[in-house]
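Architecture and fold: a report
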Amino acid sequence: MNWRRKLHQHKRDLLTGFVIFVVGFAVFLCSPVRPISDSIYTFVVSESLLKHGSFAIDQFGVPRLEPRYNGSYVENGRINELEWVGNRLYYFLPPGSSVLSLPYVALMDLFGLSVINKDGSYNLGKEIQLQLIFSAFLMALLGSIFYFTGRLVLPALWSVIIALGGILATQVWSTLSGSMWSDTWGILLVGLVVWMLLAEASAGIRLRPVLVATVLAWTYFVRPTNAIPILAISVYILLYHRRLFALYAITGLIWLALFVFYSWYNFGKMLPNYYRAGRLTFEHFGEALAGNLISPARGLFVYVPVTLFVFYLLARYRRKIVWPRLVVLSLSIFAVHWIATSGFSHWYGGGSYGPRLMSGVVPWLVLLAIIAVQAMLKQREELKNRPLGFWRLQNVVGGFLLLVSSCMNGIGATMPAIITWNNKPVRIDRDPSRLWDWRYPQFLAGFLRPPPPKVFPPADVRIDFSRKSADLYLWYGWSENGGEYRWSEGDQATVVFGLDNIADVQLLIKFTPFIVGGKANEQRISIKLNGQLLETLTLKDPSPREYSRTLPKELLQQNNVLTFELPDAVSPKELNLNDDERKLALGVYWLDIKTQGQSGVQDAPKHTEATGPLPDGGYAVEFEALNPPQVLATGESLDLRVKVKNVSGAIWPAMGDSSGKYQIRLGNHWADSNERTVILNDGRTALPNDLRPGREVELLLRITAPQTPGEYTLELDMVQERVTWFADEESPAARVKIAVR
């Protein structure tokens, strides 16, 4: 009878674990946000291994751009996920996820689902689709592992709560379940190790040193920060399981030797560039320490506030903790991970949601929660005759924080606006101070309008909505640029502009309404200037049209907001056209605000000092070489006249800081007949004064031909010193063919 009861209990746990898996898998698959970023080439590497037995991926038609040294490795143009090694292209991120995903990728190939098209080119859409399915599967499986870990010491109900909390109230839902981040495989493997450790401590299930070392080795192969739990667990085994340590260490060293061989064979060095310890610079250490915990954009306590409740339980019921060794181990890993993550100059994880770089602590937080709840239940059992008031209040607070954590991460998984937040109103890498702005925190991006820009861009330039330069004028309510026009999104969209002198101005705009015959028959558009209604249009013809209107000076200010109210906005999905969920109403090609200044009155020259990088959209330029030579002698110098026009939305300051940083100048490169850059820095010419949007200036640039005869391309480009070349941001360089004899 005893074995039957045990079998029945075992079956019930298996069923519960399966239900947790199904719930997690369904939630993850239905979450619309797909935060694919660094994981973009994970399955391409898998395909290369399957089809070519190689980690290099250049054979799949991945774009081969100009190699660009960024200070630590040679990236493929601006694609920093790709690394040039010799004449081969490699995925810069760790290889572990690609190798571990081989069975899944091979299975999908059998069903005709591959990230490689039949012509050998890369299919990004399939990569996103296949990554979503597999990452959702792995993270749902992690939920089951958390449940079985909890069941080693806790009742079923508490194990369910902790398991679902571990995957729905953490970065698992908001980030790791949407694509194959390196932490997706990483925390699954660490979750298995956590189960092994607690199973040994609570149920006497013997640790298998070869298995533990192998799983830990692969955590390192998928993400180098997992060296932290490897080191901590190694010390733990040495102290408390010394007889297992030799076999454990030998196994780990064998795996490390294989990894070093992989790195040496492919890259000619002991470890890949991604694993360099030099990436830990600690240049923003103090800010990062605080930011990783309490920043409104990246703070763990903000996005997973239930963490505070777990720490509270550990402190309050510390005398009832059964396995203090595991608590010390978990807290040590948590602390060192926090410190190490804070050592990255890019500690906030770029364009992500919440504390992505703190994802590696999730399994240890779950283990701490299991141990803390066990201690709480032990004390409650010993004091069962005491009043229940405090007990209930404590559980209500814990439940509330768990609910808040789930909502915070659910927002990240279901609201696309939180991804847009990273780029608007200015890219987070350009202005990291936004990480501390409680007026517009990332988790409220889908509920609040962004704050108005600090500086309203000036008028007097055609705002080309197909270009990134338009972003400076678009406050909220617009899609990303792409194609020849840009759609409004939602029932309201705004354009902002600044004026130096208040006078009547002329508004010109070319647009097309979103009208689908028989489904969306008209679009009503109310145009307001600074809150005052100008005109209401009813559009029934989907053809592009131009609209002109005088904006009276009585309604104008120095900082102006032009608002388009769009009550008939509708999504293509609602109309059963496709899966696009954006509410569309108005597609805008361009918009002009013509002032007196543009018609001939020149501004007094100004010489402003730049104090930082130009904003996104400020790097748009047009060139015209006025006297380009066809032939130059080797080493010959020439003063080239170049007309430069500012077609961005930002004023280009004429001066940089005292060291010359941030100054905007005209420069040039030389490329050989194979389009390889042979001279990166040749001439330089500064602006004579600030250059406003829409204005142009003629500059004299001293160029010097290469010393070797041949056919060359002279590339003209603007540069913001020690920030970026304009061609790397938005505008392609102007190219002139010159023979050098």
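Residues numbered from 1 in each chain as written. Predicted model: local features only at pLDDT ≥ 70, side-chain atom pairs only at ≥ 80, totals over all residues. Heavy atoms only, no water.

Here's the deal with the sheet that holds strand β1 (residues 67–69)
Strand order in the open sheet made by the four strands is β1-β2-β3-β4, with antiparallel pairing throughout. Each having just a single partner strand, β1 and β4 (88–91) make up the two edges of the open sheet. Strand-to-strand twist across the sheet, computed as the mean angle between neighbouring axes with direction ignored, equals 50°. (Pairing = 2+ DSSP bridges. Helix = DSSP H or I, 4+ residues; strand = E, 2+ residues; numbered from the N terminus. Axes fitted to C-alpha atoms, helices over the stretch in contact; angles between N-to-C directions.)

Examining the nonpolar core
Core analysis: the largest hydrophobic core is formed by 133 residues, its most contacted members being F28, Y41, M139, L197, I233, L329 and W364. The leading source of residues in this core is helix α16 (residues 362–382), at 13 residues. Residues within four places of I233 in sequence aside, it is in contact with V193, L197, L216, Y248, L329 and W364. Grouped together as the second largest cluster of nonpolar side chains are 36 residues, A470, L472, L534 and L566 included. (Core = buried A, V, L, I, M, F, W, Y, C linked by side-chain atoms within 4.5 Å. Buried < 20%, exposed > 50% of the residue type's maximum accessible area, 1.4 Å probe, protein only. Contact = heavy atoms within 4.5 Å.)

Structural notes on the side chain of T42
Tracing the chain through its elements places T42 in helix α2 (residues 42–52). For T42, the side chain forms a polar contact with the main-chain oxygen of S39, separated by 2.8 Å. Those residues in contact with T42, other than ones at most four positions away along the chain, are Y91, S97, S98, E127, Q131 and M180. (Polar contact = N/O pair within 3.5 Å; in protein donor to acceptor, adjacent residues only side chain to side chain.)

A few points about the packing of helix α6 (residues 156–168) against helix α17 (residues 389–414)
Between α6 and α17, the least distance of the axes is 9 Å, while the angle of their chain directions is 30°. Between α6 and α17, the crossing angle belongs to the class labelled roughly parallel. Crossing of α6 over α17 shows left-handed handedness. Taken together, the residues of α17 that come into contact with α6 (itself represented by W158, I161, G165 and L168) are N395, L402, S405, S406 and N409. For the contact of α6 with α17, the class distribution of residues is four nonpolar, five polar and no charged. (Parallel < 35°, antiparallel > 145°, perpendicular 65-115°, else oblique. Left-handed = near helix turned anticlockwise from the far one by under 90°. Nonpolar A, V, L, I, M, F, W, Y, C, P; charged D, E, K, R; others polar.)

Some remarks on the sheet that holds strand β12 (residues 559–565)
Strand order in this open sheet of four strands is β7-β12-β9-β10, and the pairing throughout is antiparallel. Either end of the sheet is taken by a strand with one partner, and the two such strands are β7 (492–498) and β10 (532–539). Averaged over all pairs of adjacent strands, the angle between strand axes in this sheet comes to 20°, irrespective of strand direction. Pairing analysis gives seven bridges linking β7 to β12, with the strands arranged antiparallel. Bridged to T494 within β12 is T563.

Considering the packing of α16 against α17
Direction vectors running N to C along α16 and α17 enclose 165°, while the axes themselves pass 12 Å from each other. In terms of their interaxial angle, α16 and α17 are classed as roughly antiparallel. Crossing of α16 against α17: the hand is left-handed. Of the residues in α17, those touching α16 at M376, L377 and R380 are W391, Q394 and N395. Class assignment for the residues of the contact of α16 with α17 results in three nonpolar, two polar and one charged.

With respect to the packing of aromatic side chains
For the structure on display, the rule yields 45 aromatic pairs. Sitting above the plane of the Y274 ring, R279 keeps its charged end 4.2 Å from the centroid. If you follow R380 out to its NZ or CZ, it ends over the ring of W391, 5.6 Å from the centre. (Phe/Tyr/Trp six-rings, centres within 6.5 Å; stacked < 30°, edge-to-face > 60°. Lys NZ or Arg CZ within 6 Å of the ring centre and 35° of its normal.)

A short note on the state of the cysteines
This model, assessed by the stated rule, comprises zero disulfides. Residue C30 stays outside any disulfide, its sulfur separated by 18 Å from that of C407, the closest cysteine. (Disulfide = S-S within 2.5 Å.)

Some thoughts on a nonpolar patch on the surface
A grouping of L15, F18, V19, V22 and V23 is seen on the molecular surface, where their side chains present a nonpolar patch of about 430 Å² in accessible area. Structurally, V19 is set in helix α1 (residues 2–30). (Patch = residues over 30% accessible without salt bridge, like charges linked within 9 Å, V, L, I, M, F, W, Y side chains within 5 Å. Areas by Shrake-Rupley, 256 points an atom, 1.4 Å probe, with all protein chains shown as cover. Salt bridge = Lys/Arg side-chain N within 4 Å of Asp/Glu carboxyl O.)

A closer look at helix α10 (residues 227–240)
A rise of 1.5 Å per residue sets the reference length of α10, with its 14 residues, at 20 Å; its end C-alpha atoms lie 20 Å apart and thus fit the reference within 8%. Residues of α10 that are buried: I228, P229, A232, I233, S234, Y236 and I237. Those residues of α10 that are buried are in contact with α8 (182–203), α9 (209–222), α11 (242–267), α15 (324–341) and α16. (Expected span 1.5 Å × (residues − 1).)

Considering the environment of R316
Along the chain, R316 falls in helix α14 (residues 306–316). Sequence-wise, R316 and A375 are 59 residues apart; in three dimensions their C-alpha atoms are separated by 9.3 Å. If near-sequence neighbours (up to four positions away) are discounted, R316 is found in contact with F390 and Q394.

Taken by themselves, the reported measurements are silent on function.
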